[in-house]
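# Per-entry structural report
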Amino acid sequence: MRKQTSSNTINKNNLETNCGMAYAISVLSGRWKQSIWGFLLDNGKLRYGELKRKLIGISEKMLINQLKELEKDGLINRIAHPEVPPRVEYELSDKGKTLENILVLMSSWGTKNADNRIKT
């Protein structure tokens, strides 16, 4: 976690405030965010446990952090049902749904160009 007063944080915030592409990339970056987004797009609402099962290899801490970041950025809604046992569902927000075309295009580009990577 960076200090809010560090020059690195200030520069990052300034760039993301003044450059739409930098903001979009910062919102989409994260190892698991695209997978979470894709599962929610395909399934509508998913409970925490369902997401955890679909995201093979993700730790509890990472899933919680990625969900919190997506919620903070307004891309998903967290729906907590006041029941015993507690039930929490996640769904794409209206803002999150607006990314569909962008992410489909990125996926197509990645599929088309993945074989052209320089192998080391």
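This section reports on the structure supplied with the text.

Rules used in this analysis
Residues numbered from 1 in each chain as written. Predicted model: local features only at pLDDT ≥ 70, side-chain atom pairs only at ≥ 80, totals over all residues. Heavy atoms only, no water. Helix = DSSP H or I, 4+ residues; strand = E, 2+ residues; numbered from the N terminus. Buried < 20%, exposed > 50% of the residue type's maximum accessible area, 1.4 Å probe, protein only. Areas by Shrake-Rupley, 256 points an atom, 1.4 Å probe, with all protein chains shown as cover. Lys, Arg positive; Asp, Glu negative; His and termini not counted. Charge placed at Lys NZ, Arg CZ, Asp CG, Glu CD. Contact = heavy atoms within 4.5 Å. Pairing = 2+ DSSP bridges. Axes fitted to C-alpha atoms, helices over the stretch in contact; angles between N-to-C directions. Core = buried A, V, L, I, M, F, W, Y, C linked by side-chain atoms within 4.5 Å.

### Focus: the overall build of the chain
- Across its full length, the chain carries seven helices and three strands.
- The helix and strand sequence of the chain, counted from the amino end, reads α-α-α-β-α-α-β-β-α-α.
- Once the C-alpha set of the chain is aligned to its principal axes, its extents read approximately 50 × 40 × 30 Å.
- Counting all 120 residues of the chain, 26% fall into the buried class.
- Here the chain has roughly 8,800 Å² of accessible surface; of this, 56% comes from carbon and sulfur atoms.
- Taken as two groups, the 20 positive and 13 negative side-chain charges of the chain have centres that lie 7 Å from each other.

### Observations regarding helix 2 (residues 20-28)
- For helix 2, the set of buried residues is Ala-22, Ser-26, Val-27 and Leu-28.
- Looking at the buried side of helix 2, the elements it contacts are helix 1 (7-18), helix 3 (33-43) and helix 7 (100-113).
- Within two residues after helix 2, Gly-30 carries a phi angle of roughly 140°, on the positive side.

### A short note on the sheet that holds strand 1 (residues 46-47)
- With antiparallel pairing, three strands are arranged side by side in an open sheet as 1-3-2. Each edge of the open sheet carries a strand with a single partner, namely strand 1 and strand 2 (76-81).
- Relative to strand 3 (residues 87-92), strand 1 runs antiparallel, the two sharing two bridges. Bridging across to strand 3, Arg-47 finds its partner in Glu-89.
- Across the sheet, helix 3 touches strand 1, strand 2 and strand 3, and the angle it forms with strand 3 is around 90°.

### Quick look at the nonpolar core
- One finds Ile-36, Leu-40, Leu-67, Ile-76 and Tyr-90 to be the most contacted residues of the largest nonpolar core, which totals 20 residues.
- Contributing elements (two or more residues each) for this core: helix 2, helix 3, helix 5 (60-72) and strand 3.
- If near-sequence neighbours (up to four positions away) are discounted, Leu-67 is found in contact with Ile-36, Tyr-48, Leu-51, Ile-76 and Tyr-90.

### Quick look at unusual backbone geometry
- Residue Pro-85 is bonded to the preceding Val-84 through a cis peptide linkage, with omega at 0°.
- Among the secondary structure elements, Pro-85 is positioned in the loop between strand 2 and strand 3.

### Looking at the environment of Ile-79
- Checked against the element boundaries, Ile-79 lands in strand 2.
- You can call Ile-79 partly exposed: its relative accessible area is 21%.
- In sequence terms Ile-79 and Lys-45 are 34 residues apart; their C-alpha atoms lie 9.3 Å from each other.
- Residues in contact with Ile-79, not counting those within four places in the same chain, are Lys-45, Arg-87, Val-88, Glu-89 and Glu-91.

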